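# Per-entry structural report
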Amino acid sequence: SQELEQSPQSLIVQEGKNLTINCTSSKTLYGLYWYKQKYGEGLIFLMMLQKGGEEKSHEKITAKLDEKKQQSSLHITASQPSHAGIYLCGALKWGAQKLVFGQGTRLTINP
Amino acid sequence: EAGVAQSPRYKIIEKRQSVAFWCNPISGHATLYWYQQILGQGPKLLIQFQNNGVVDDSQLPKDRFSAERLKGVDSTLKIQPAKLEDSAVYLCASTRGSATDTQYFGPGTRLTVL
């Protein structure tokens, strides 16, 4: 079965600093989704990547999928308190319309 | 467009009691998912419906969990009897139904079993 490993598991950064969260798969990724979750709440969709080398940005968040389609990264530039939360990557299981999630990365922004 | 609705938002029960959660997906979304998210972990799929039929329930503990989507719209997830390890957030998500459609999630129901 496909497994997703996220690193780091938790991250504390000073407001204004840049940061990167990684998501690594044991198998080729056919679709990779990034979500953000506030503690105890639902998931908010951020971005979806499908093609090797693809990169998408929204405001100060950039997500990339490597050429081999086995690793994705989420980069936040000039972090703000509003970026705090849990970031989850989810891999689309080929032909099954379902997602397998990593364990999440808890991001804390210190003022 | 209204998002995925779930109720209740919070529920506290004693072990061996029963509990039910409700989900109303985004209008027109054919596929509905129930996930269980234990604290500190990513969501784990319990069951997937396509309209009112079950597509995947391989990870649903069928001895105590049941789910239905009778008219292909709303869905309920039931636990009977509950165990301590069922304490988790139960998330509902929906998509239009194509393979790469984005899953949109509801706010979740936080269940505490004492």
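Here, every reference points to the structure presented above.
About the thresholds
- In every chain, residue numbers begin from 1 and rise along the written sequence.
- Chain letters and ligand numbers both follow the written order, the letters beginning at A and the numbers at 1.
- The predicted nature of this model means local features are confined to residues of pLDDT at least 70 and side-chain atom pairs, given and counted, to a pLDDT of 80 or more, with totals for whole chains, interfaces and linings taken over all residues.
- Side-chain metrics in this entry use all non-hydrogen atoms of the structure; hydrogen atoms and water are not considered.
- Only heavy atoms matter for contacts: two residues are in contact if any of them lie within 4.5 Å across the pair.
- Accessible surface is computed with a 1.4 Å probe, and the buried area is the amount of it that two parts give up when combined, taken over both parts together.
- What makes a salt bridge here is a side-chain nitrogen of Lys or Arg within 4 Å of a carboxyl oxygen of Asp or Glu, nothing more.
- In the analysis that follows, any N or O atom pair within 3.5 Å is treated as a polar contact, provided that within protein one partner can donate a hydrogen and the other can accept it, and provided that, for residues neighboring in sequence, both atoms belong to side chains.
- Numbering of helices and strands runs from the N terminus; a helix is a DSSP stretch of H or I covering at least four residues, while a strand is a stretch of E covering at least two.
- By definition, disulfides here are pairs of cysteine sulfur atoms that lie within 2.5 Å.
- Whether a residue is buried, partly exposed or exposed follows from its accessible area with a 1.4 Å probe, protein chains only, as a fraction of its type maximum: under 20%, in between, or over 50%, in that order.
- At least two bridges found by DSSP between two strands is the condition for calling them paired.
- Structural elements are reduced to axes, namely lines fitted to C-alpha atoms, with helices fitted over the stretch in contact, and the angle between N-to-C directions of any two is expressed from 0 to 180 degrees.
- Paired rings are identified among Phe, Tyr and Trp, the last through its six-membered ring, by centres lying within 6.5 Å, and are further divided according to the angle between planes into stacked (under 30 degrees), edge-to-face (over 60) and tilted (the rest).

## Some remarks on the interface of chain B and chain A
- Every contact between the two is made by 27 residues of chain B and, on the other side, 20 residues of chain A.
- Surface buried jointly by chain B and chain A totals about 1800 Å² across both partners, of which 50% is contributed by carbon and sulfur atoms.
- Between chain B and chain A we count one salt bridge in total.
- The salt bridge involving Asp56(B) is made with Lys98(A); its shortest N-O contact spans 2.4 Å.
- Linking chain B with chain A are five residue pairs in polar contact (both at pLDDT 80 or more), by the criterion used here.
- Of all the secondary-structure elements, those providing two or more residues to the side of chain B that touches chain A are β4 (31-37) and β5 (44-50) of chain B.

## Thoughts on the state of the cysteines
- Overall, the coordinates contain two disulfides over all chains when judged by the stated rule.
- Two residues, Cys23(A) and Cys89(A), share a disulfide whose sulfurs are 2.1 Å apart. Between Cys23(A) and Cys89(A), the disulfide has an S-S torsion of 80 degrees and is therefore right-handed. Taken together, the residues Cys23(A) in strand β3 (residues 19-25) and Cys89(A) in strand β9 (residues 85-93) connect sequence positions 66 residues apart. The pair Cys23(A) / Cys89(A) is uniform in exposure class, with both members buried.
- Paired by a disulfide, Cys23(B) and Cys92(B) hold their sulfur atoms 1.9 Å apart. Across the S-S bond linking Cys23(B) and Cys92(B), the dihedral sits near -70 degrees, which makes this disulfide left-handed. In this pair, Cys23(B) is assigned in strand β3 (residues 19-24) and Cys92(B) in strand β9 (residues 88-95), connecting sequence segments 69 residues apart.

## Structural notes on the sheet that holds strand β7 (residues 65-68) of chain B
All names here are of chain B.
- Strand order across the open sheet formed by four strands is β1-β3-β8-β7, with antiparallel pairing between neighbours. Strand pairing shows two members of the sheet lacking a second neighbour, β1 (5-7) and β7, which therefore form its edges. For this sheet, the mean angle separating the axes of adjacent strands, direction not counted, is 15 degrees.
- For β7 and strand β8 (residues 75-79), the ladder comprises four bridges, and the chain directions are antiparallel. By the bridge assignment for β8, Phe65 is matched with Ile79.

## Some thoughts on the packing of aromatic side chains
- Using the criterion set out here, one finds twelve aromatic pairs over all chains in the structure.
- Ring plane angle 20 degrees and centroid distance 6.4 Å describe the contact between Tyr33(A) and Tyr35(A), whose orientation is recorded as stacked. Note on accessibility: Tyr33(A) and Tyr35(A) belong to one class, buried.
- With a centroid separation of 5.0 Å and 25 degrees between ring planes, the pair formed by Phe21(B) and Tyr90(B) is classed as stacked. Remark: Tyr90(B) occurs in strand β9 and Phe21(B) occurs in strand β3; sequence separation between them is 69 residues. In terms of burial, Phe21(B) and Tyr90(B) fall into one category: buried.
- Ring-pair connections join several aromatic residues into one group, and the members of that group are Tyr33(A), Tyr35(A), Phe45(A), Phe101(A), Tyr33(B), Tyr35(B), Tyr104(B) and Phe105(B).

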